[in-house]
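Each chain is listed here by its residues.
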Protein chains: 2
Amino acid sequence: MIDNYKQIIDSKLYIFCKQQNLHVDQFQEALCYSLLNGGKRLRAILMLSIVELKRPLSEEDYKVALALEMMHAYSLIHDDLPAMDNALLRRNLPTNHIVFGEDLAILAGDGLNTNTFNVISSARLPSDKVVEIIKILSAKAGIYGMVLGQAADILSSINKLKKSDKWLVNFIHKNKTARFLQACCEIGAVLGDFERDIFSKFGLYLGMSYQIIDDYLDVVSDKKTLGKDKKDIDNNTLTYPRVYGMEKSLELANKLKSLAIGTIKKVNGSEKLVELAEYIVKRVN
Amino acid sequence: MIDNYKQIIDSKLYIFCKQQNLHVDQFQEALCYSLLNGGKRLRAILMLSIVELKRPLSEEDYKVALALEMMHAYSLIHDDLPAMDNALLRRNLPTNHIVFGEDLAILAGDGLNTNTFNVISSARLPSDKVVEIIKILSAKAGIYGMVLGQAADILSSINKLKKSDKWLVNFIHKNKTARFLQACCEIGAVLGDFERDIFSKFGLYLGMSYQIIDDYLDVVSDKKTLGKDKKDIDNNTLTYPRVYGMEKSLELANKLKSLAIGTIKKVNGSEKLVELAEYIVKRVN
């Protein structure tokens, strides 16, 4: 199921890249390198799966899904920068700044961030829905979510924040990871004309579970399986295993997954979303 | 006239910053440091002056104007980064990354970029206008404008682009600077219910003139007057004075200013916009 969606999303992103003619080849290559460079497409799939609970998908739904993957690609490019995680490897390939240099990597990320909103605002959808989608995404991927969480993550690793570890690791994970996944679910609800509340909760639980598993895999998996550098230990990052221990972290991830599934099960036809939630906790990278 | 607008915009940006409670003080300070750090507020003023040709300004117009200044602040933070212009001084104060570190500076810029769209989508304006405004801004401040122009600028300074100098300096200035100013004028037209065409042309001419003057001032002014490092020569940047010489550059800037003024003069009550255009060419920093 996940692979079917992924193939469609990958091919639509490829077409998007082919259609661009920016006159600055290296910049366009830097953009597309990260946009087309694999990835689970989890954010797009989450959103699309929710819309499909109500009706068949349209081209315009897919445009919004591609935009979510642009936002995600930008965040990875900037996270990997020398001044941030200084990562050399992502999805088993050299990171954007290794291939194109730090300057173009910053600009490729900036461009993808802004272009997310260009793609959404260009979709032929009712204007009030477009505005709602942009409001959700720009809050939860910006200073009230992802970017805030990344800032807290960086400051916590140099002990610059005077908060308890438990408060802080929860704050970081909620903002850095869960808010964006929550946004994808809420956007699916907007497009599918659902009450937003259930999907919002589902996304938050799922996002928290996802990030705890991410922390866990950083300890137990090898670099090749992960496809990226194991940076949590080097970077003194505050993780669930560090704060709660390995066993308790896995327990918490499973509990959050159960909460997510319990929330979504009330919705007709939610088997695919249950499958997605199970996949997220069982994944190896 | 310009000072009146500037005071209102500055005080509204100050209130915006005071209202935020992001729980990560250093991050919030980094955001607000650049947002409140002076600036001519030219982008906001341009937009507001166009709306005022039609009707008195509303609080919602001001929200869009603040968003334009957020977008501008983000672009300056990222332009100044070590991997980009490596600037130490901006508006006679240390640049964002000098005060807060490169990591927080990248994130402050990212956050301001995304938040531009949060502020616009949260304005209580008709949805179709909000969508139109976001479509214009996300194109002209993103990969079809400002970010593209910055990429071309960087690549041209290391001779990575195989184009003629005249083509390239025009491409860079149009995209890096003029497109965003053009967007501000088009957004003013959307909010003021004007035909967009005249304002679009006005913005483009004005933006080109603005950037040529910027190049010129980088040669003739001292660092203190400019309030920033004189980087064009150090960075081997492709400028109008380098391609056309000083005299011809000033002539071109004046010609473009005249074209801008000629375009806008057809509109009733456009004296303020003429004054703005004159100011841009006569300015010292």
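Shown above is the structure to which this text applies.
First, a word on scope: everything that follows refers to the structure included in this document. The residue count restarts for each chain, going from 1 along the sequence in the order it is written. Going through the entries in the order they are written, you letter the chains from A and number the ligands from 1. Where local features are concerned, this predicted model is filtered to residues with pLDDT of at least 70; where side-chain atom pairs are given and counted, the filter is 80 or more; whole-chain, interface and lining totals use all residues. To get the side-chain values, take all heavy atoms of the structure and skip hydrogens and water.

Some remarks on helix H14 (residues 271-282) of chain B
Along an α-helix, a turn takes 3.6 residues, which lines up residues three or four apart on a common side. All names here are of chain B. Between the first and last C-alpha of H14 there are 16 Å, a value that for 12 residues agrees with the 16 Å anticipated at 1.5 Å per step. Within the sequence span of H14, burial applies to Leu-273, Val-274, Leu-276, Ala-277, Ile-280 and Val-281. Each buried residue of H14 sits inside an arc of 160° when the element is viewed along its axis, so together they form one side. Looking at H14, the residues exposed on the side facing more than 90 degrees away from the buried face are Glu-271 and Lys-282. By definition, residues are in contact when any of their heavy atoms lie within 4.5 Å. Under the scheme used here, helices are H or I runs from DSSP no shorter than 4 residues and strands are E runs no shorter than 2 residues, and both carry numbers assigned from the N terminus. Where H14 is buried, its residues contact helix H1 (2-19), helix H3 (42-51), helix H10 (196-220) and helix H13 (246-264). Helices are assigned an expected span. That span is 1.5 Å times one less than the residue count. Each residue is assigned to one of three classes by its accessible area relative to the maximum for its type, calculated with a 1.4 Å probe on protein chains only: buried under 20%, partly exposed between the two thresholds, exposed over 50%. Read the arc as the range of directions from the helix axis to the C-beta atoms.

Here's the deal with the interface of chain B and chain A
Taken together, the contact between chain B and chain A spans 52 residues of the former and 52 residues of the latter. A combined buried area of about 4,500 Å² lies between chain B and chain A, and 71% of that area is made up of carbon and sulfur atoms. Summed over the three residues of chain B that lose the most area to chain A, namely B:Leu107, B:Thr114 and B:Ile143, the buried surface amounts to 13% of that side. Salt bridge, as used here: a side-chain nitrogen of Lys or Arg that lies within 4 Å of a carboxyl oxygen of Asp or Glu. Counting every contact that joins chain B to chain A gives 0 salt bridges. Listed by contribution, the elements that provide at least two residues to the side of chain B that touches chain A are helix H2 (25-35), helix H4 (59-80), helix H6 (102-122), helix H7 (127-140), helix H8 (146-157) and helix H9 (165-191) of chain B. For the side of chain B that touches chain A, the element with the most residues is H6(B), which contributes 14 residues. The nonpolar class holds Ala, Val, Leu, Ile, Met, Phe, Trp, Tyr, Cys and Pro. Asp, Glu, Lys and Arg form the charged class, and all remaining residues, Gly among them, are polar. Grouping the amino acids of the side of chain B that touches chain A by side-chain chemistry returns 30 nonpolar, 15 polar and 7 charged. Buried area: the sum, over both parts, of the accessible surface (1.4 Å probe) that disappears when the two are put together.

Considerations on a nonpolar patch on the surface
Residues and elements named next belong to chain A. On the surface, a cluster of nonpolar side chains totalling about 270 Å² of accessible area is made up of Tyr-14, Ile-15 and Leu-36. Mapped onto the fold, Leu-36 is located in the loop between helix H2 (25-35) and helix H3 (42-51). For Leu-36, a relative accessible area of 32% corresponds to the partly exposed category. To count toward a patch, a residue needs a relative accessible area over 30% and no salt bridge; like charges are then connected within 9 Å, while nonpolar side chains (Val, Leu, Ile, Met, Phe, Trp, Tyr) are connected within 5 Å. Only the protein chains shown count as cover for residues, and the accessible areas themselves come from Shrake-Rupley with a 1.4 Å probe.

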